[in-house]
Amino acid sequence: MPVSDRVMDPLNPQQAILGPSGALGPGEGRRQADNSQRPKPGRDRGNKATEIRQFVVDAAQLLDGRHCEDVLIFDLRGLSDVTDYILIASGSSDRQITSVASELRGFADERSIDRFGSEQDASTTWLVIDLIDVVVHIFEPSTRAHYDLEMMCNDAPRIIWQ
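Residues numbered from 1 in each chain as written. Predicted model: local features only at pLDDT ≥ 70, side-chain atom pairs only at ≥ 80, totals over all residues. Heavy atoms only, no water.

Side note on helix α2 (residues 94–110)
Across its 17 residues, α2 extends 24 Å between first and last C-alpha, which sits within 8% of the 24 Å expected from 1.5 Å per residue. Restricting attention to buried positions, one finds in α2 the residues Gln96, Ile97, Val100, Ala101, Leu104, Arg105, Phe107 and Ala108. Down the axis of α2, the smallest arc covering the buried residues is 165°, so these residues share one side. In α2, the exposed positions that point more than 90 degrees away from the buried face belong to Arg95 and Glu110. Those residues of α2 hidden inside the fold are in contact with α1 (47–65), β4 (117–121), β5 (126–130) and β6 (134–139). Directly beyond the C-terminal end of α2, a positive phi value near 60° is found at Ser112. (Helix = DSSP H or I, 4+ residues; strand = E, 2+ residues; numbered from the N terminus. Expected span 1.5 Å × (residues − 1). Buried < 20%, exposed > 50% of the residue type's maximum accessible area, 1.4 Å probe, protein only. Arc of directions from axis to C-beta. Contact = heavy atoms within 4.5 Å.)

Details of the packing of aromatic side chains
The description of an aromatic ring pair rests on the distance of the ring centres and on the angle between the ring planes. Evaluation of the coordinates by the stated rule reveals three aromatic pairs. A ring pair is formed by Trp126 and Phe139, whose centres lie 5.2 Å apart and whose planes are at 20°; its orientation type is stacked. Taken together, the positions of Trp126 in strand β5 and Phe139 in strand β6 put the pair 13 residues apart, joining distant regions of the chain. For the pair Trp126 and Phe139, a shared accessibility class is recorded, and that class is buried. With a centroid separation of 4.8 Å and 35° between ring planes, the pair formed by Trp126 and Tyr147 is classed as tilted. Here Trp126 is found in strand β5, whereas its partner Tyr147 is found in helix α3 (residues 141–147), with 21 residues between them in sequence. Taken as a pair, Trp126 and Tyr147 share a single burial class, namely buried. Here the aromatic cluster, defined as three or more aromatic residues joined through ring pairs, consists of Trp126, Phe139 and Tyr147. (Phe/Tyr/Trp six-rings, centres within 6.5 Å; stacked < 30°, edge-to-face > 60°.)

As for the side chain of Ser80
Assignment of secondary structure puts Ser80 in the loop between β2 (69–75) and β3 (85–90). Polar side-chain contacts of Ser80 include one of 2.9 Å to the backbone nitrogen of Val82. There is a polar contact of 3.4 Å between the side chain of Ser80 and the backbone nitrogen of Thr83. (Polar contact = N/O pair within 3.5 Å; in protein donor to acceptor, adjacent residues only side chain to side chain.)

So, the confidence of the model for the protein chain
Scored by pLDDT, the protein chain comes out at a mean of 79, with 72% of its residues at no less than 70. Considering only residues more than four positions removed or in separate chains, one finds that residues 1–15, a stretch of pLDDT under 50, has 46 contacts. Under a pLDDT of 50 for its full length, residues 20–33 has, in the predicted model, 27 contacts with residues more than four places off or in other chains. (pLDDT = per-residue confidence, 0-100.)

With respect to the nonpolar core
In this structure, Phe55, Leu63, Ile73, Leu87, Val134 and Val136 are the most contacted members of the largest nonpolar core, which totals 29 residues. Where this core is concerned, the elements lending two or more residues are α1, β2, β3, α2, β5 and β6. Per-element tally for this core: the top contributor is α1, with eight residues. Counting residues in each nonpolar core, the second largest holds 13 residues, with Leu72, Trp126, Val128 and Cys153 among its members. (Core = buried A, V, L, I, M, F, W, Y, C linked by side-chain atoms within 4.5 Å.)

So, the packing of α1 against α2
Packing of α1 against α2 brings their axes to within 11 Å, and their N-to-C directions diverge by 150°. Looking at the two axes, α1 sits roughly antiparallel to α2. The crossing of α1 and α2 is right-handed. Packed against α1, whose contacting residues are Phe55, Asp58, Ala59, Leu62 and Leu63, the element α2 presents Val100, Glu103, Leu104, Phe107 and Ala108 at the interface. Looking at the contact of α1 with α2, its residues break down into eight nonpolar, no polar and two charged. (Axes fitted to C-alpha atoms, helices over the stretch in contact; angles between N-to-C directions. Parallel < 35°, antiparallel > 145°, perpendicular 65-115°, else oblique. Left-handed = near helix turned anticlockwise from the far one by under 90°. Nonpolar A, V, L, I, M, F, W, Y, C, P; charged D, E, K, R; others polar.)

Some thoughts on α1
Taking 1.5 Å per residue, 19 residues should reach 27 Å; α1 reaches 27 Å between its end C-alpha atoms and fits that length. Along α1, the positions that sit buried rather than exposed are Ala49, Ile52, Phe55, Val56, Val57, Asp58, Ala59, Ala60, Leu62 and Leu63. Summarising the contacts, the buried residues of α1 are in contact with β2, β3, α2 and β6. Count one or two residues on from α1 and you reach His67, which has phi positive near 70°.

Okay, here's the thing in structure tokens:
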């Protein structure tokens, strides 16, 4: 059951992994997310795990091919209960970020990758797509530097996708 798109508060670092749903804990005055409906990542699904890894590499190549910059993949298997991979990229404008995100959603649908939801901040400087096994973050460069998700994922191995 996909969650409808929501608007994120870009000043709330609690939203770092899954956005305003509060997955990392509720912010000041926010309700805590009901993650009981969110499926768990499929690390133990045999061939599905291989398909997910190939999808995240193909998704990184798609983002790179659409002129996103600094595309990184972090392997969080064994480090996170929320997702297996985080894909981070920078877009140069709100139009590019929105367009690439739309294409990525379609790409996930073509591959039968489940989508739990997507969220963006009010000015589209940060967009999150939660594909359960993969969480994609597309930022404008200044917003990406401000939240520095790479530092949060510092202990996770990076996947070479190029």
